Amino acid sequence: MRDCLNHRAGFDRVLMTVAATFLTVSASSALAQDQARSNAAELAIEAAIPRPEPANVPPPTASDIKLDTTATVQDAPKDAAKEPVKAEAAAPAPEKVETKPSDVATTPPAADAPKSETAKTEPAKAEPAKSEPAKADTAAAPAAPAAPAAAATPAAEPVKAASNVPAADQPVADKLKDALGAKTSRYFDRKNERAAVEKFYGSRDYAPVWTQGGSLTAAAKGVIARLKDAASDGLNATDYPVPDFAAATTPDALSDAELKLTASMFDYARQAQSGRMHWSQVSADILYPEHPVDPSDVLTKVATAADASAALDSYNPPQKLYKELKAKLAQLRGQGEGPVVEITDGPALKYIPAKGKKQAEVVVEDPRVPQLRAKLGITENANDDRYDATVAEAVRKFQDGAEIKATGVLDAPTVKALNSPKRDKQIDTVLVNMERWRWLPRDLGVPSLGDAYVILNIPDYTLKVMQRGQQVWTTRVVTGKPGQHATPLLTETMKYITVNPTWNVPPSIVYGEYLPALQQDPTVLQRMGLKLEQNRDGSVHISQPPGEANALGRIRFNFPNKFLVYQHDTPDKNLFAKDERAFSHGCMRVQYPDQYASVLLNIALPGEKYTPERVRSMYGSGEVDLKFPTPIPVNITYQTAFVDDGGKLQFRKDVYGRDAVMNNILKNSRGKDLENVVAHSQPSYSRPSTTLPAGVAVANNGGSSGPNFFERLFGAPSPPPAPVGRKPQRVFTR
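**Some details on the nonpolar core**
- Membership of the largest hydrophobic core comes to 90 residues, with the highest contact counts inside it found for V430, V465, I542, Y596 and L600.
- Excluding its chain neighbours within four sequence positions, the residues that come into contact with Y596 are V454, L463, V465, W473, M494, F557, Q567 and V590.
- Formed by 40 residues, the second largest nonpolar core is a distinct cluster that contains L176, Y187, L259 and A269.

Here it is, written out as structure tokens:
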């Protein structure tokens, strides 16, 4: 029995020794691992983020406890105290979640808790309101050690970023913020400008851009210089008032001056680019594409430019002809180089050309002729005192532009006009021409074709084809009669050329001229080679088939537009010999259409190598359409003042009275109201029912109504839509 007990005791000692050895090894290994991990985690956490102090909240309930199925039973009490540290070390970085100390659910220390419970359960979870991942991040252990003293203060609301505004400008910035928040309408009456200002100044913490420490910045000086020199660009400097920054000594005054200068800058940029008056204020037969400025672009561009004056000046037209007019305006105002030339009174000077062999030319000599040559810009034989054909022609052109009877004779009225005051009609004429340049597109041509475009000047009766900034070809044209048949001003794109066109007579001619003529002579259309069709609805369509006698000649140049005008050939070649050639119903007749067609086709189809002879070979009885892969812009302009290739300022007669209307508007300015769009009635393509007199030859009777005139002319399914804001009875600002 004793031996048995001895053996039992020995067996127990062996078991206890093995168990003790196993527990010792396990505990030592776990302790080493936990110590290393705990030390590394604590160092990382303490270095990056202070841990919040546990809040005074009720102990966790059973539902708050989540069993940790992966935990290892720890035997030593010191290991149990280190488990919360392990949980914190494994959690994601807490800086991503803004959690106040009061939001963290914790439990007071449980000193008497059993070791097994400490090992099997996780710390109590935090309960942030919106973010699920935050539960693990903000959890606190039941027996968590005390947080550092520095973390005891509750977290405050997020701190705003420090202002980038210099201390000296902060009072002005505060006033700007108040002004833009409550008084924006005092300075900016356009919504897009108000929005741009609020966004721009808000992005810079409302720091002023025109002053720094109460002194003008370089940008402000550049803007002010440009505004004060607005007259050099044909604008009125009084429309862009400059505030007195020198008198602005308080934050309120500086804020007020800041916004006033910004408003004046907006007005200048807008009117420099689009004009002081909208083209619809002048006439119903003008249609140019709108190109308004972007206020945000203006603010950013000017405020950040190395040269603010140049940046603001860039909103003026970039075209060479505009810049040449600007230089001539300075000369007319006495700001150019050289003395002002004045012609003295004297006898009338007249040049008589030779008439065959029977009568030689008559050339008179006069000491005033050299001064006359200088005044008219004749550089050839500048000191010649002979009143020859060159001088007489220059005088005639001057008379035509000055609306004096163009005789070519230097008489008393002509001398008076030549010596007129500096602020005279010539300056007014240059000013309105500079204004009209603002209506035109900034890019007259199409880049893919070498900036090619067509430009037609109505008062000069000339057409030019331009490419790469150079004149490629030019010809004389016949334009519309003054009044209801005036050629419209427009920019469109030429899409194709028609060889052997049918002339579809415009409704205005059908109902205004031909139908009344039929009442007098029922056979008049038949004798003219015209075909009349009357449709079932009683409407009438008149056309002329292709042929040598066709009113459009052999070629029509098509740029679809709402005015139903185009360029074309004509059988009446004799009109091109006249100096004034306003004879058409609105369309433009071209003197050499075969050459014009070959020039355009070689631009649009450079590989086809068109010649005038090839174009003429297509003449026949059937229509042939030659389409352009890339349409070519056509700009119909009204230049009564321009600088010619020799650098001389030329004036032309105001044949449509556009200058007179514009000068009257500008001199009786209604301020920004001039920028409003005036609604005009739109062209009508309808054909009213008509009762034809007996004896009229009708090509068809009782047919369908057929296509309208626009469809017959250009082949489009419907007339082009009117531009936005052009509906009758509607007025809005650009």
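**Topic: the side chain of D428**
- Tracing the backbone shows D428 in helix α15 (residues 425-439).
- According to the relative accessible area criterion, D428 is buried, its value standing at 10%.
- A distance of 3.0 Å separates a polar atom in the side chain of D428 from a polar atom in the side chain of K667.

**Section: empty space enclosed by the protein**
- Applying the stated criterion across every chain yields a total of 3 cavities of 30 Å³ or more.
- One number sums up the size of the largest cavity: a volume of about 70 Å³.
- The wall of the largest cavity is formed by Y288, N433, R436, W437, W439, L440, L489, T637, Y638 and Q639.
- If you tally residues by element for the lining of the largest cavity, the top one is α15, at 4 residues.
- Across the lining of the largest cavity, the residue classes tally to 6 nonpolar, 3 polar and 1 charged.

**Some details on unusual backbone geometry**
- The phi dihedral of Y206 falls on the positive side, at around 65°, and the residue is not glycine.
- Summarising the element assignment, Y206 is placed in the loop between α6 (191-203) and β1 (211-212).
- Residue Y461 is not a glycine yet carries a positive backbone phi of 55°.
- One can find Y461 in the loop between β6 (453-457) and β7 (462-467).
- The class for Y461 is buried, based on a relative accessible area of 5%.

**Topic: the packing of aromatic side chains**
- Enumeration over the complete set of coordinates arrives at 8 aromatic pairs.
- Aromatic pair F557 and Y596: ring centres 4.4 Å apart, planes at 45°, arrangement tilted. Placement of the pair is F557 in strand β13 (residues 555-558) and Y596 in helix α18 (residues 593-604), with a sequence separation of 39 residues.
- Since its relative accessible area comes to 0%, F557 is described here as buried.

**Description of the pairing of strand β8 (residues 470-480)**
- Two strands pair when backbone bridges link them, and β7 and β8 are joined in this way by 6 bridges, in the antiparallel orientation. In the sheet register, T462 faces β8, and the bridge partner there is R476.
- Here β7 hands over to β8 after 2 residues, with R468 in that stretch at a positive phi of 55°.
- Bridge count for β8 against strand β16 (residues 588-590) is 2 bridges, and the pairing is antiparallel. From the neighbouring strand, V478 faces β16, where its bridge partner is R589.
- Pairing between β8 and strand β15 (residues 582-584): 2 bridges, direction parallel. By the bridge assignment for β15, G480 is matched with S584.

**Description of the pairing of strand β11 (residues 531-535)**
- Of all 5 residues in β11, 4 are buried; the element is thus mostly enclosed.
- Strand direction decides the pairing type here: β11 and strand β12 (residues 540-544), joined by 4 bridges, are antiparallel. Bridge pairing in β12 links K531 to S543.
- The antiparallel pairing of β11 with β12 creates a hairpin that spans 4 residues between the two strands, and G538 there sits at a positive phi of about 90°.

**Digging into the confidence of the model for the protein chain**
- For the protein chain, per-residue confidence averages 80 on the pLDDT scale, and residues scoring 70 or more make up 70% of the total.
- In this model, residues 30-38 is a region of pLDDT below 50 whose contacts with residues beyond four sequence positions or in other chains number 10 contacts.
- The low-confidence segment residues 716-734, where pLDDT is below 50, has 51 contacts with residues more than four positions distant or belonging to other chains.

Thresholds applied
- Residues numbered from 1 in each chain as written.
- Predicted model: local features only at pLDDT ≥ 70, side-chain atom pairs only at ≥ 80, totals over all residues.
- Heavy atoms only, no water.
- Core = buried A, V, L, I, M, F, W, Y, C linked by side-chain atoms within 4.5 Å.
- Buried < 20%, exposed > 50% of the residue type's maximum accessible area, 1.4 Å probe, protein only.
- Contact = heavy atoms within 4.5 Å.
- Helix = DSSP H or I, 4+ residues; strand = E, 2+ residues; numbered from the N terminus.
- Polar contact = N/O pair within 3.5 Å; in protein donor to acceptor, adjacent residues only side chain to side chain.
- 1 Å grid on protein atoms, 1.4 Å probe; cavity = no way out; pocket = protein on both sides within 12 Å on 5 of 7 lines; lining within 4 Å.
- Points joined across faces, edges and corners; volume = space filled by probe spheres on them.
- Nonpolar A, V, L, I, M, F, W, Y, C, P; charged D, E, K, R; others polar.
- Phe/Tyr/Trp six-rings, centres within 6.5 Å; stacked < 30°, edge-to-face > 60°.
- Pairing = 2+ DSSP bridges.
- pLDDT = per-residue confidence, 0-100.

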